[in-house]
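Each chain is listed here by its residues.
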Amino acid sequence: MSSKDADTKFDQLENPRGTDAIVEVGSGDLVQDTTKETYGVLPLHQSQKKTGLARLTLTEFNESYLGKTVRLRCRLSLIKDKGSVIFLTVRQGFDSVQAVCHAHEGGPSKQMLKWIAKLRPESILLIEGVATKSDIQSKSITITNAEIACEKVFLIAAPQGALPFDLTDAGRPETTENDPVQYSKVLLDTRLDNRVLDLRTRTNHAIFVLQSAIPELFSSYLRSRGFLEIHSPKLQGGASESGSSVFTLSYFKGTAFLAQSPQLAKQMCISADFERVFEIGPVFRAENAQTHRHLSEFVGLDLEMAIEEHYHEAMYLIDDTLKAIFRGLRDGYRKEIDIVYAQFPAEEFKWREGPEGTLKFTFAEAVDLLVEDGVPREDLDDFDTINEKRLGRVIKAKYDTDYYIIDKFPLRLRPFYTMPDADDPTIANAYDFFMRGEEILSGAQRVHDPVFLLQRIKENGINPASMQGYLDAFKLACPPHAGGGIGLERVLMFFLKLSDIRKTSLFPRDRKRLSP
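Residues numbered from 1 in each chain as written. Predicted model: local features only at pLDDT ≥ 70, side-chain atom pairs only at ≥ 80, totals over all residues. Heavy atoms only, no water.

As annotated in an unreviewed UniProt entry, the chain carries the name aspartate--tRNA ligase and is attributed to Hypsizygus marmoreus. As stated in UniProt under Sequence similarities (unreviewed entry), the record for the chain gives "Belongs to the class-II aminoacyl-tRNA synthetase family. Type 2 subfamily." (UniProt positions renumbered as here; feature names shortened; annotations may be inferred.)

Here is the structure:
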């Protein structure tokens, strides 16, 4: 750094960006400090120059770096000031390392340490030093066999004002009333109100690495089975599910609706002879429900396929897809799963992997299981959340699995486009998939005959005119088909056994929340 740059840098200390990150340091001290070019506030980053100097990422750190000078941009987690030596815990994403600043002749000065000691946690730093061997005994640091002996420390950016909560508290394991030590707890609403800070925890990084993996596993498996990815519009002329849970908005001189699913588009693609399609995209539901598993906007993993003889062809393929996702997470993301379980302890998710296959029941058989467990049969026209969870506990205790399928639902519980059973028109060729006693996928064989489809639309109180484009697609002759839709956030929530779906949504949208 040139003397001109250094002078500029220290001039900024009187009114630096993030001025409250630095407690007053006398200008006289700085002028007399012979190491003044090794620390301070960097000018605003405007891509002024390219130095070509290599930067270290902690994920790539190994013993080959020991004894070498390394440079890294990092976030400051913790400072321990011991007078003539300061210990910094700095991090990049999952990984963290200890940096040591020791005042000595030819190295960091006392003035430099005094300046460093006043830096605030969550500041972004550029540090340079020699990687040295170490043996650090700390659960909060991931790289324990090395540390960085700091020679230069510069401030890139600093937080403005007080942090809304301590990130250490936000990352602590959940405790119960019986635990001997009780720490400060950061409530979910506080986390979501300050989501950017909350997302910096190691656990949240792990959660969203896992979330990113699920669409990739979903997509790769379906592509291997001959599926084509599609992208359908989210502005629609009519409701695709029930009219009560649709968002309505002004559309030029008319009215439009946000898609409750890509259902209609998927089916039209089957009529267009695409044969097998899937989509990963946003889904909007105006459900007036503020529960642990409902969101107004979530990511849907949808698929549809032409069938030859029976809708179970689709049901079994969906089953295989989900099991491919479960295996992919377990086998490829052990580190991330363990990080989440360290803060939110839970039993590992279990599913059947042997030749016996996934456990399957009809709706009537599931009702019988609940009746045997003491639930009055007259209360089981449909499964509410309480009985859904109860059934999950019964199945877990009896069959030792967290994953199962329920088939043959009553037709009255399904959307207008669901195909009735050939022998009993009150029953639907429809299935739900469950994880840990809660539904994560709903699917069925669809009505592909245009005359019957028009009848079903009218029976469900939907204006046929709003569905004309959809109906026209079936008038051109459409093959029998079936499919389903999975909620990404729900799959991850139940796989990890998290208490609230908002923990698996980047910036959750529900009845009460539209920001951040």
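K.L.:
Hey, could you go over helix α13 (residues 450–459) for me, with residue numbers and the actual values?
P.N.:
Along α13, the positions that sit buried rather than exposed are Leu453, Arg456 and Ile457. Along the axis of α13, the buried positions cluster into a sector of 100°, meaning they face one direction only. Opposite the buried face of α13, by more than 90 degrees, sit the exposed residues Val451 and Lys458. In the core, the buried residues of α13 are packed alongside α14 (468–475). The positive-phi residue at the C-terminal boundary of α13 is Gly461, with phi of around 75°. (Buried < 20%, exposed > 50% of the residue type's maximum accessible area, 1.4 Å probe, protein only. Helix = DSSP H or I, 4+ residues; strand = E, 2+ residues; numbered from the N terminus. Arc of directions from axis to C-beta. Contact = heavy atoms within 4.5 Å.)

K.L.:
Go over the domain arrangement of the chain with me, naming the residues and quoting the values.
P.N.:
As assigned here, the chain comprises domain 1 (36–43 + 53–157), domain 2 (167–199) and domain 3 (202–503). In this structure, domain 1 and domain 3 have C-alpha centres spaced 48 Å apart. The interface is formed by four residues belonging to domain 1 together with seven residues belonging to domain 3. Here domain 1 and domain 3 share an interface that buries about 420 Å² over both sides, 70% of which is from carbon and sulfur atoms. When the area that domain 1 buries against domain 3 is broken down by residue, the three leading residues are Gly93, Phe94 and Thr142, summing to 94%. One salt bridge connects Lys335 with Asp95, and the closest N-O pair in it is separated by 4.0 Å. The interface formed by domain 1 and domain 3 holds one residue pair in polar contact (both at pLDDT 80 or more) in total. Per-class residue counts for the side of domain 1 that touches domain 3 are one nonpolar, two polar and one charged. (Domains from an automatic or database assignment. Buried area = accessible area lost by both parts, 1.4 Å probe. Salt bridge = Lys/Arg side-chain N within 4 Å of Asp/Glu carboxyl O. Polar contact = N/O pair within 3.5 Å; in protein donor to acceptor, adjacent residues only side chain to side chain. Nonpolar A, V, L, I, M, F, W, Y, C, P; charged D, E, K, R; others polar.)

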